[in-house]
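# Remarks on the overall topology
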Amino acid sequence: MNFTLEQKEFFMNEALKEAQKAVGNEEVPIGAVIVKDGEIIARGFNRRELDGKATHHAEICAIEAANQVVNNWRLLDCALFVTIEPCVMCAGAIGLARISQVYFGATNPKFGGTVSLYQILEDERLNHRVQVESGILQENCAAIMQNFFKNRRKK
């Protein structure tokens, strides 16, 4: 899948809409969408507090929704757009789901599993590698996180 810059920004804006849903639920504002054949097939946002489950990160929620749409655990020929660099857990799930491409906005220096701390998705020792691109609407993606934590500290 070759996306134009305009398409990448469109899909990242859709992920940002998911992140905004997280803000509305007092969740860490990370959003994700999964794209297949140029169409969004699944969406997700952080739901750890809502669902009381440590694993309910935006990427995991989107992967589970996409699995239901395609009726398969393999998400071949799918791309994931997520506002913040996936953590180690999510990077593992992305690889296990066989997603082809990951596009993210801002890096995650404390927990990042794709470029910051580890490069799990491109590790040649693993049997599935994922194309990774960062910096899509980076400022917008970083700003929603910064504003969330700034407001949280005020409370």
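Every value quoted in this text rests on a predicted model; they were computed, and no experiment measured them.

This next bit is on the overall build of the protein chain. In terms of regular secondary structure, the protein chain is built from 5 helices and 5 strands. For the protein chain, the succession of helices and strands along the chain, N to C, is α-β-β-α-α-β-α-β-β-α. Against the compact-globule benchmark of 15 Å for 155 residues, the protein chain has a radius of gyration of 14 Å, which places it among compact chains. Once the C-alpha set of the protein chain is aligned to its principal axes, its extents read approximately 45 × 30 × 30 Å. For the protein chain, buried positions account for 46% of its 155 residues. Look at the contacts in the protein chain between residues 6 or more apart in sequence, and 58% of them connect residues 24 or more apart. For the protein chain, the computed accessible surface area is about 8300 Å², with 48% contributed by carbon and sulfur atoms.

What follows is about the packing of helix α3 (residues 58-70) against helix α4 (residues 88-96). Helix-helix packing: each pair is described by the crossing angle between the helix axes and the interaxial distance. Across the interface, α3 lies against α4 with an axial gap of 9 Å and an inter-helix angle of 20°. In terms of orientation, α3 and α4 fall into the roughly parallel class. Judged by the twist between their axes, the crossing of α3 over α4 is left-handed. The segment α3 lies against α4, with Glu-59, Ile-60 and Ile-63 engaging Met-89, Cys-90, Ala-93 and Ile-94. Among the residues making up the contact of α3 with α4, the classes are represented as 6 nonpolar, no polar and 1 charged.

At a minimum axis separation of 10 Å, helix α1 (residues 5-24) and helix α5 (residues 138-154) run at an interaxial angle of 5°. Classified by the interaxial angle, the pair formed by α1 and α5 is roughly parallel. Judged by residue contacts, Met-12, Leu-16, Ala-19, Gln-20 and Val-23 of α1 engage Asn-140, Cys-141, Ile-144 and Phe-148 from α5. For the contact of α1 with α5, the residue count by class is 7 nonpolar, 2 polar and no charged.

Before going further, it helps to spend a moment on the packing of aromatic side chains. In this structure the tally under the stated criterion is 7 aromatic pairs. Ring centres of Phe-11 and Phe-81 lie 5.2 Å apart, and the angle between their planes is 45°; on these two criteria the pair is classed as tilted. Taken together, the residues span a long stretch of sequence, with Phe-11 in helix α1 and Phe-81 in strand β3 (residues 78-84) at a distance of 70 residues. The exposure class assigned to Phe-81 is buried, which follows from its relative accessible area of 0%. Their ring planes at 15° and their centres at 4.7 Å tell us that Phe-81 and Tyr-103 sit as a pair that is stacked. Of this pair, Phe-81 sits in strand β3 while Tyr-103 sits in strand β4 (residues 101-106), placing them 22 residues apart in sequence. Like Tyr-103, Phe-81 is buried. Taken together, the ring pairs connect Phe-3, Phe-10, Phe-11, Phe-81 and Tyr-103 into an aromatic cluster.

What follows concerns the UniProt feature "binding site: Zn(2+)" (unreviewed entry) in the protein chain. What UniProt calls "binding site: Zn(2+)" (unreviewed entry) maps, in this numbering, to His-57, Cys-87 and Cys-90. What stands out for the annotated residues spanning 34 residues is how close their C-alpha atoms remain, the widest pair being 9.2 Å apart. Among all residues touching Cys-87, those that are not within four sequence positions of it are His-57, Glu-59, Phe-111 and Gly-113. Tracing the backbone shows Cys-90 in helix α4. If sequence neighbours within four positions are ignored, Cys-90 has contacts with His-57, Glu-59 and Ile-60.

Quick notes on the rules
Residues numbered from 1 in each chain as written. Predicted model: local features only at pLDDT ≥ 70, side-chain atom pairs only at ≥ 80, totals over all residues. Heavy atoms only, no water. Helix = DSSP H or I, 4+ residues; strand = E, 2+ residues; numbered from the N terminus. Rg over C-alpha atoms; globule rule 2.2 N^0.38 Å. Buried < 20%, exposed > 50% of the residue type's maximum accessible area, 1.4 Å probe, protein only. Contact = heavy atoms within 4.5 Å. Areas by Shrake-Rupley, 256 points an atom, 1.4 Å probe, with all protein chains shown as cover. Axes fitted to C-alpha atoms, helices over the stretch in contact; angles between N-to-C directions. Parallel < 35°, antiparallel > 145°, perpendicular 65-115°, else oblique. Left-handed = near helix turned anticlockwise from the far one by under 90°. Nonpolar A, V, L, I, M, F, W, Y, C, P; charged D, E, K, R; others polar. Phe/Tyr/Trp six-rings, centres within 6.5 Å; stacked < 30°, edge-to-face > 60°. UniProt positions renumbered as here; feature names shortened; annotations may be inferred.

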